[in-house]
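A look at the structure
What follows is each chain in one-letter form.
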4 protein chains.
Amino acid sequence: MPTVLGQNQYGKAETRVVRVTRDGPVHHIRDLSVSIALSGTMDEVHLSGSNARVLPTDTTKNTVFAFAKEYGVASPEEFAARLARHFVTGQESIRTARVRVEEYAWDRIPTPGPAGHSFVRRGRETRTAQVTFDGAGGRWQVLSGLKGLTVMNTTDSEFHGYVKDRYTTLPETRDRILATEVNACWRHAWDGGDGEGGGGDGVGDGAAPPDWDGSWERTRGHLLAAFAETYSLSLQQTLYAMGSRAVEHGPGIDEIRLSLPNKHHFLADLKPFGLGNDNEVYYAADRPYGLIEATVLRDGAEAAVPQELTNLP
Amino acid sequence: MPTVLGQNQYGKAETRVVRVTRDGPVHHIRDLSVSIALSGTMDEVHLSGSNARVLPTDTTKNTVFAFAKEYGVASPEEFAARLARHFVTGQESIRTARVRVEEYAWDRIPTPGPAGHSFVRRGRETRTAQVTFDGAGGRWQVLSGLKGLTVMNTTDSEFHGYVKDRYTTLPETRDRILATEVNACWRHAWDGGDGEGGGGDGVGDGAAPPDWDGSWERTRGHLLAAFAETYSLSLQQTLYAMGSRAVEHGPGIDEIRLSLPNKHHFLADLKPFGLGNDNEVYYAADRPYGLIEATVLRDGAEAAVPQELTNLP
Amino acid sequence: MPTVLGQNQYGKAETRVVRVTRDGPVHHIRDLSVSIALSGTMDEVHLSGSNARVLPTDTTKNTVFAFAKEYGVASPEEFAARLARHFVTGQESIRTARVRVEEYAWDRIPTPGPAGHSFVRRGRETRTAQVTFDGAGGRWQVLSGLKGLTVMNTTDSEFHGYVKDRYTTLPETRDRILATEVNACWRHAWDGGDGEGGGGDGVGDGAAPPDWDGSWERTRGHLLAAFAETYSLSLQQTLYAMGSRAVEHGPGIDEIRLSLPNKHHFLADLKPFGLGNDNEVYYAADRPYGLIEATVLRDGAEAAVPQELTNLP
Amino acid sequence: MPTVLGQNQYGKAETRVVRVTRDGPVHHIRDLSVSIALSGTMDEVHLSGSNARVLPTDTTKNTVFAFAKEYGVASPEEFAARLARHFVTGQESIRTARVRVEEYAWDRIPTPGPAGHSFVRRGRETRTAQVTFDGAGGRWQVLSGLKGLTVMNTTDSEFHGYVKDRYTTLPETRDRILATEVNACWRHAWDGGDGEGGGGDGVGDGAAPPDWDGSWERTRGHLLAAFAETYSLSLQQTLYAMGSRAVEHGPGIDEIRLSLPNKHHFLADLKPFGLGNDNEVYYAADRPYGLIEATVLRDGAEAAVPQELTNLP
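Each value, and the rule that gives it
- Residues numbered from 1 in each chain as written.
- Chains lettered and ligands numbered in written order.
- Predicted model: local features only at pLDDT ≥ 70, side-chain atom pairs only at ≥ 80, totals over all residues.
- Heavy atoms only, no water.
- Least-squares fit on C-alpha atoms with pLDDT ≥ 70 in both.
- Contact = heavy atoms within 4.5 Å.
- Buried area = accessible area lost by both parts, 1.4 Å probe.
- Salt bridge = Lys/Arg side-chain N within 4 Å of Asp/Glu carboxyl O.
- Polar contact = N/O pair within 3.5 Å; in protein donor to acceptor, adjacent residues only side chain to side chain.
- Helix = DSSP H or I, 4+ residues; strand = E, 2+ residues; numbered from the N terminus.
- Nonpolar A, V, L, I, M, F, W, Y, C, P; charged D, E, K, R; others polar.
- Pairing = 2+ DSSP bridges.
- Buried < 20%, exposed > 50% of the residue type's maximum accessible area, 1.4 Å probe, protein only.
- Expected span 1.5 Å × (residues − 1).

What follows deals with the relation of the copies chain A and chain C. Superposition record for chain A on chain C: RMSD 0.0 Å, screw rotation 180°, translation along axis 0.0 Å. On the angle and the small slide along the axis, the relation comes out as a two-fold axis. The rotation axis passes nearest to the C-alpha of A:Gly123 in chain A, at a distance of 2.0 Å.

Printed below as a string of structure tokens:
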């Protein structure tokens, strides 16, 4: 029985580039991991091994470093878009480019004097961006996101009134810890703008793209605030509050996908020792964990973020 | 601007269950991690926090243990299917269930005498299964797979004749190491069979399901053999050889998705020390790595395995 | 040839306990992983399997939770000391107890109103403590530390003037990135004080113990400051500057062990593309890495921190 | 208060080298991660930053690749010893060298025909070696080991008769799963032999060194057999049986350190569902875990393996 080739892509993954810019004695850094996936008319290399249409993955890696020098890294989204456009417009065989970026944040270490070249890695979460440029349609899809943002409420969370079947043993609770590690990916309405997808030497020649860094910071803030301020009857409710707040307060955001593991904190049973436990001592469990996933959309928008994108391992 | 709820699902992830069965002094084990995702009419819990239609994730965990006792674990696929059917048929609010299983393999430790209850964990790869049951259509989708299977050819791999652009510096080679870590996911043609999706107390009342364990072992064997026996001009060619062999020799397999990181082994440069290096000493690099991904389909089949399913982190 | 039993110890490792305390609507949390190792007259359990002198590891876990309730968690060191004393004084067969604690830090999420029960995990580093109580000598050894504190200087680092042998190819540099992940463990002079090791119901009845939290914060600050402010000719020089500053400015600290992986940032070679690279674009390498390890002692102190304690995997 | 420098060492860690040797169409591979730690008269580099006595860590990396070419990799121990001798005898400032090696095993993929150049990564455990050469004394210390060897007995394990205190709740059991991940490190009696520690161009000019590969395979076999064949009343008893068997049956082995996490498998509680559980369904827990550690010595030998060497993270 014969077989055929389906969707395929290739590129260099996890190129780790650090870009330093200097403002006199004050340095700025952007620290990225860049993963590139190119697709197009690539049947031959699969069927016969001919590389005549294949730009090597090593070249895509080199391009990351060269572009960091030539254009700097204004933001993960801008950098990814520039790379995506380059591959699609530079190689006839490449029709679509998807560039994923992870960014790692650093804080300044305060020092005496005007110099500013010392940094300490901040936080545990990673900022993410995925930019896809489809050369045929001239359209962009830009997804921003974060992963690994761990949060906890020590009260204002209840869980009761659920379905009980033969296998239900969980007791209801009116006060519990609610903790999760936020994995989020949101889609910007911006798609390159005027329908022609640009064609000059800039990125997106139509409507001006958003302020990517500002948008990301605001969205992260909305997610944190909604988590903290929602009196929660279920993690689903908290998820929806987070997602809808990000979309409602983010004019350029059409869709968000959230994947929230319920990091269970179980009350330690101290009764055998003659001790009470008025929500004071918890056991933090690793596995298994509840996993709550959902997409929140601006009314009228169509879902386009793949469900698997925020999947946990 | 109002928002709406899109696709959503929930359940307990990574429930670790070990099932022991005894044949006199000879024991058998199956060692699984089970992750459940349920979806259906779940708007209320997101919008108001009402759990009136929510079966707790804790219950889905309990069900895994109870089913392991009541029905045993004949195979990851069979066990996943049984769970999926249970949730969809048991709760009106649940319309679709997706059950993912990872299985960890063990070998026997040989001992004197008839007893057989000592085991050592085998291999580095993980067997995977994902079964989705759509109650509305009564249809099944069964994906089997593996991840983490690391393989290497120390010769019979070339790479040349590729596109060179301004950023290309890679030298061509006629003899290199080719190494990868196979991440594969294949879709079975079996979908429950007679169009009614079953309805009795078995799993899939239509056509009999495949021999899942036998099918998995054969497919793994085909992937290994195709990797070893293909004289490779590109990793894409090797990928296609692997995928097409799995489909052509697997009568019940309609589609396979492969994600192959090119685990680069660079020749150490020994010239500064006055030494040659005739493909003898290599540096095994971690990052970045080439990443080659493709779907191979039986002619006439439609692609249904999400591209993101075999994504590397 | 007969064998004999050497040093041995046992206990429960990685008990994850979260302690919440409430100050009206304002909550405080301490989030710990506690690992206990007990040793004493334990020959029988090894030789015959008799558990007559063995307090189960499950009990040591229970004790962690019970003590979190009964005494709270004033600091990792204080909590560890209380546990260590309990096991040594509570069981005749236990002569020495070593308690290791990892603490994970959380920041408050700012919210409107007086409530304070929302938190976000801070930073990537882990605070560590190891307290050993030797019942026979009545002496304490308290080690505080941190791991995973990642720092970078983008200039003020040189490397030249080193030994060249047949295998040396590294070019000298007058300006490079210096980055490392600080793994540090320091030993307090405090050992319980008056020579009797205490014996009442407090911890350490002799000299008052240090302010553990304050000491830890100050030491972390000194390590960061010394890293940032040292013009570095070698990572060893930076290490010594960090260690000596921590000891000189920490009156109660007699010794510090530092393990500093040199997280190499290599200048990307952009010459093939006709581009310069004036310390602007770097490739962040994972492996291999230089590893610099040393102990710094207060003059006259004897080294007691095991070299292997800060070993990287 | 002045400070002084204590023990210090430096070198390149985790150099990943793959050595291919060819026997016609049949290839052989050794796949290693090599970590080097050098110490000697290194005060100046710490105090002033002078590198005049410092061989760069980059050079130690280069030496690994060059030696793999020049001498091959007969075994991890032999390769480590050759490197250690080189650094100590080649640089006056280096007095002691410690070389750690991890080896990853590969199996052949069977193929038709005489060729043998296709491999699949075997097993989950890692073989380890640590060789220390002290130039002053001319003595060697060779430690061999393994980590990550996961084993399970589904019966023939009991746990009862233990101490009960106020915090003990664990029920006794006469039949449980016993599972662990073996982390072992054993010390060879061989120390270079005739007291002069060699001095020619071989490694160890005194007594001939053991057959390192054969010794390692036999020791691994003894550890597995003792685990499987011991009817266990406690994990300590099993540990001692494993250690003493390795030493008693390994004429050249004087000492072994074992670190055995008790990978708990708890019986799932199925009573709420009206189901029994006759040791059939278990929940495999991750954390916390019991941790049993001990040294077993040949009678008359002195302990020299650091307790921390086999520490789990």
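This paragraph deals with the interface of chain B and chain A. Often, the extent of an interface is quoted as the loss of accessible area upon association of its parts. If you look at the interface, chain B gives 80 residues, while chain A gives 80 residues. Between chain B and chain A, roughly 7,200 Å² of surface is buried when both sides are summed, and carbon and sulfur atoms account for 51% of that area. Between A:Arg287 and B:Glu14 there is a salt bridge, and its shortest N-O distance comes to 3.0 Å. If you look at where chain B meets chain A, you find 47 residue pairs in polar contact (both at pLDDT 80 or more). Sorting the residues of the side of chain B that touches chain A by element identifies strand S1 (3–13), strand S2 (15–23), helix H1 (43–47), helix H2 (57–71), helix H5 (235–248) and strand S13 (289–298) of chain B as the ones contributing at least two each. For the side of chain B that touches chain A, the element with the most residues is S1(B), which contributes 11 residues. Partitioned by chemical class, the residues of the side of chain B that touches chain A number 32 nonpolar, 31 polar and 17 charged. In terms of strand pairing, strand S1 (residues 3–13) of chain A meets S13(B) through 9 bridges, oriented antiparallel. Paired with A:Ala13 across the two strands is B:Tyr289, which belongs to S13(B).

This paragraph deals with the environment of D:Arg95. Residues and elements named next belong to chain D. With respect to the helices, strands and loops of the structure, Arg95 is situated in strand S4 (residues 94–104). Counting along the chain gives 54 residues from Arg95 to Thr41, while the straight-line C-alpha distance between them is 7.5 Å. Once you skip the residues sitting within four places of it in the chain, Arg95 turns out to touch Ser39, Gly40, Thr41, Val88, Phe133, Asp134, Gly135 and Ala136. A polar contact is formed between the side chain of Arg95 and the backbone oxygen of Glu92, at a distance of 3.3 Å.

Our next topic: unusual backbone geometry. Residues other than glycine predominantly adopt negative phi, and peptide bonds predominantly adopt the trans conformation. Residues and elements named next belong to chain A. Note that the residue after Arg287, namely Pro288, is joined by a cis bond; omega there is -10°. Its identity as a non-glycine residue notwithstanding, Asn279 has a phi of 60°, on the positive side. Overall, the relative accessible area of 11% leaves Asn279 in the buried class.

In this section: the environment of A:Gly221. Residues and elements named next belong to chain A. Assignment of secondary structure puts Gly221 in helix H4 (residues 212–229). Owing to a relative accessible area of 32%, Gly221 belongs among the partly exposed residues under this scheme. Residues Gly221 and Arg30 lie 191 residues apart in sequence; the distance between their C-alpha atoms is 21 Å.

Our focus in this paragraph is the side chain of D:Asn279. Inspection of the secondary structure puts D:Asn279 in the loop between strand S11 (265–267) and strand S12 (281–284). Only 3.3 Å separates the side chain of D:Asn279 from the side chain of D:Asp175, close enough to count as a polar contact. Apart from residues lying up to four places away in sequence, D:Asn279 is in contact with B:Val20, B:Arg22, D:Asp175 and D:Leu267.

The subject of this paragraph is the relation of the copies chain B and chain A. Least-squares fitting of chain B to chain A yields an RMSD of 0.0 Å, with the superposition described by an axial translation of 0.0 Å and a rotation of 180°. A shared binding surface is used by both copies, with 100% of the interface residues of chain B retained as interface residues in chain A.

Attention now moves to helix H2 (residues 57–71) of chain C. Here H2(C) contains 15 residues, and its C-alpha end-to-end distance of 21 Å stays within 8% of the 21 Å for a straight helix at 1.5 Å per residue. Here H2(C) lies mainly inside the structure; 12 of its 15 residues are buried. Of all the positions in H2(C), only C:Thr57, C:Asp58, C:Thr59, C:Thr60, C:Lys61, C:Asn62, C:Thr63, C:Val64, C:Phe65, C:Ala66, C:Phe67 and C:Ala68 are classed as buried. Residues of H2(C) that are buried sit in contact with strand S12 (281–284) of chain A, strand S1 (3–13), strand S2 (15–23), strand S3 (26–40) and helix H3 (76–90) of chain C together with strand S13 (289–298) of chain D. Following H2(C) by one or two positions, C:Gly72 has its phi on the positive side, about 70°.

With that out of the way, let us pick up the pattern of salt bridges. Residue and element names in this part refer to chain B. Going through the model one piece at a time under the given rule, you end up with 91 salt bridges over all chains. Among the salt bridges present, the one from Lys61 reaches Asp58, with a minimum N-O distance of 3.1 Å. Remark: Asp58 and Lys61 occur in helix H2; sequence separation between them is 3 residues, near one turn of the helix. Measuring nitrogen to oxygen at the nearest pair gives 3.5 Å for the salt bridge that ties Asp269 to Lys271. For Asp269, a relative accessible area of 46% puts it in the partly exposed group. The exposed category is assigned to Lys271, whose relative accessible area is 67%.

Moving on, we come to the interface of chain A and chain C. Taken together, the 52 residues of chain A in the interface contact 52 residues of chain C. Between chain A and chain C, a total of about 4,700 Å² is buried, with carbon and sulfur atoms accounting for 63% of that surface. A salt bridge links A:Glu280 to C:Arg19; the shortest N-O distance between them is 4.0 Å. Every element with two or more residues in the side of chain A that touches chain C is listed here: strand S2 (15–23), strand S3 (26–40), helix H2 (57–71), strand S6 (118–121), strand S8 (139–153), H4 and S12 of chain A. Partitioned by chemical class, the residues of the side of chain A that touches chain C number 27 nonpolar, 13 polar and 12 charged. In this structure, S6(A) lies alongside strand S8 (residues 139–153) of chain C, joined through 3 bridges in antiparallel fashion. Bridge pairing links A:Phe119 to C:Met152 in S8(C).

Attention shifts here to the pairing of strand S7 (residues 126–134) of chain C. All names here are of chain C. Of all 9 residues making up S7, 8 are buried, and the element is well covered by its neighbours. Judged from the 9 bridges that link them, S7 and S8 form a sheet pairing that is antiparallel. Paired with Phe133 across the bridge in S8 is Trp140. The antiparallel hairpin formed by S7 and S8 contains 4 residues in its connecting segment, where Gly138 sits at a positive phi of about 65°.

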